[in-house]
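Summary of structural features
Next come the chains, spelled out residue by residue.
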Amino acid sequence: MSKNKHFLLVERFNYDVEKDEFIGFEEILVLMGKNKDEKYSGSYEAIAKLIYTVTTNKRASIISFYKTVVMNYLLKNGDAHLKNFGVIYDKDLKYISFAPAYDIVNTCVYLYKDRPALTLLGKKLWAGKKDLVKFGEQACYLSKSQSIEYYNECVNALQSSLIALKAYIQTNPNFKEIGSKMIDTWTLSLDEKSYKEVPDAIIRNWKKD
């Protein structure tokens, strides 16, 4: 954020400042041979398989992808579709890696009944810890202990963000409406359960406000 908190400054991850040249980037959608109308058709398991197949630093890439998926679920981002994952590569194609995370937002505070863009374990619902750990084991080539470790890292990040968000609202009351909804959805993620949608009881409270 800019110092006055009015602007979000984004640095391109596909540009090498030192070399003054662009790094190759390709969306998962294109690598799967699909068009933009199919960006919501597919699964996170299929993405994991593709990333493991095409990247040269397979271990690091798959761990990064797993954490990205977990964070999308914890943050309640229902727009993590096939165009929002990708790989970066050098001009000789000797180094191909999972691209840094991008375009992650909390969609449920705007679309109350929103669900994940793609399937995980065959379902489009807000998976809890049990299913996300299983996804790590079954699709991301991780052991159960590794999946739990990385899942817990993501939870710790969410908890830190909750503290920061609450503090931000105190000094920026204009953000209270959206910020409070974000707090509700993130707190929901911390109970580690799976939900079809954000529970009606939470949504009714939002509508009262």
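Residues numbered from 1 in each chain as written. Predicted model: local features only at pLDDT ≥ 70, side-chain atom pairs only at ≥ 80, totals over all residues. Heavy atoms only, no water.

A word on the pairing of strand β4 (residues 86-89). Here four bridges tie strand β3 (residues 24-27) to β4, and the two strands are oriented antiparallel to one another. Looking across to β4, one finds that E27 is bridged to G86. Alignment of β4 against strand β5 (residues 96-98), held across three bridges, turns out to be antiparallel. Within β5, the residue paired with I88 across the bridge is S97. The turn linking β4 back onto β5 is made up of six residues, and L93 within it adopts a positive phi angle of 60°. (Pairing = 2+ DSSP bridges. Helix = DSSP H or I, 4+ residues; strand = E, 2+ residues; numbered from the N terminus.)

On to the sheet that holds β3. One open sheet holds the three strands; their spatial order is β3-β4-β5, and the pairing between them is antiparallel. The open sheet has two edge strands with one neighbour each: β3 and β5. Sheet twist, expressed as the average angle between the axes of neighbouring strands with direction ignored, equals 25°. (Axes fitted to C-alpha atoms, helices over the stretch in contact; angles between N-to-C directions.)

As enumerated under the stated definition, the model contains three cavities of 30 Å³ or more in all. Counted as a void, the largest cavity has a volume near 60 Å³. Lining the largest cavity are 13 residues; nearest its centre among them are K76, A127, G128, S189 and K193. Elements with a minimum of two residues in the lining of the largest cavity: α3 (58-75) and α4 (129-139). Classifying every residue of the lining of the largest cavity by side-chain character gives seven nonpolar, two polar and four charged. (1 Å grid on protein atoms, 1.4 Å probe; cavity = no way out; pocket = protein on both sides within 12 Å on 5 of 7 lines; lining within 4 Å. Points joined across faces, edges and corners; volume = space filled by probe spheres on them. Nonpolar A, V, L, I, M, F, W, Y, C, P; charged D, E, K, R; others polar.)

The next thing to look at is the nonpolar core. Core analysis: the largest hydrophobic core is formed by 52 residues, its most contacted members being Y44, I47, F65, Y66, F135 and C140. For this core, the element with the highest residue contribution is α3, accounting for 10 residues. Contacts of F65, omitting those with residues within four sequence positions, involve Y44, I47, A48, I51, F85, F98, F135 and C140. (Core = buried A, V, L, I, M, F, W, Y, C linked by side-chain atoms within 4.5 Å. Buried < 20%, exposed > 50% of the residue type's maximum accessible area, 1.4 Å probe, protein only. Contact = heavy atoms within 4.5 Å.)

Inspection of every chain in the model, using the stated rule, returns 15 aromatic pairs. Measuring from centroid to centroid gives 6.0 Å for F25 and Y102, while their planes differ by 75°, and the two rings are edge-to-face. Here the residue F25 occupies a position in strand β3, and Y102 occupies one in the loop between β5 and α4, the gap between them amounting to 77 residues. Overall, F25 belongs to the partly exposed group, its relative accessible area being 25%. Ring geometry for Y66 and F135: centres 6.2 Å apart, planes at 25°, overall stacked. Here Y66 is found in helix α3, whereas its partner F135 is found in helix α4, with 69 residues between them in sequence. Considered together, Y66 and F135 belong to a single accessibility category, that of buried residues. Site record: aromatic cluster; members linked through ring pairs are Y44, F65, Y66, Y73, F85, F98, W126 and F135. We note K58 situated over the ring of Y52; from NZ or CZ to the ring centre the distance is 5.5 Å. (Phe/Tyr/Trp six-rings, centres within 6.5 Å; stacked < 30°, edge-to-face > 60°. Lys NZ or Arg CZ within 6 Å of the ring centre and 35° of its normal.)

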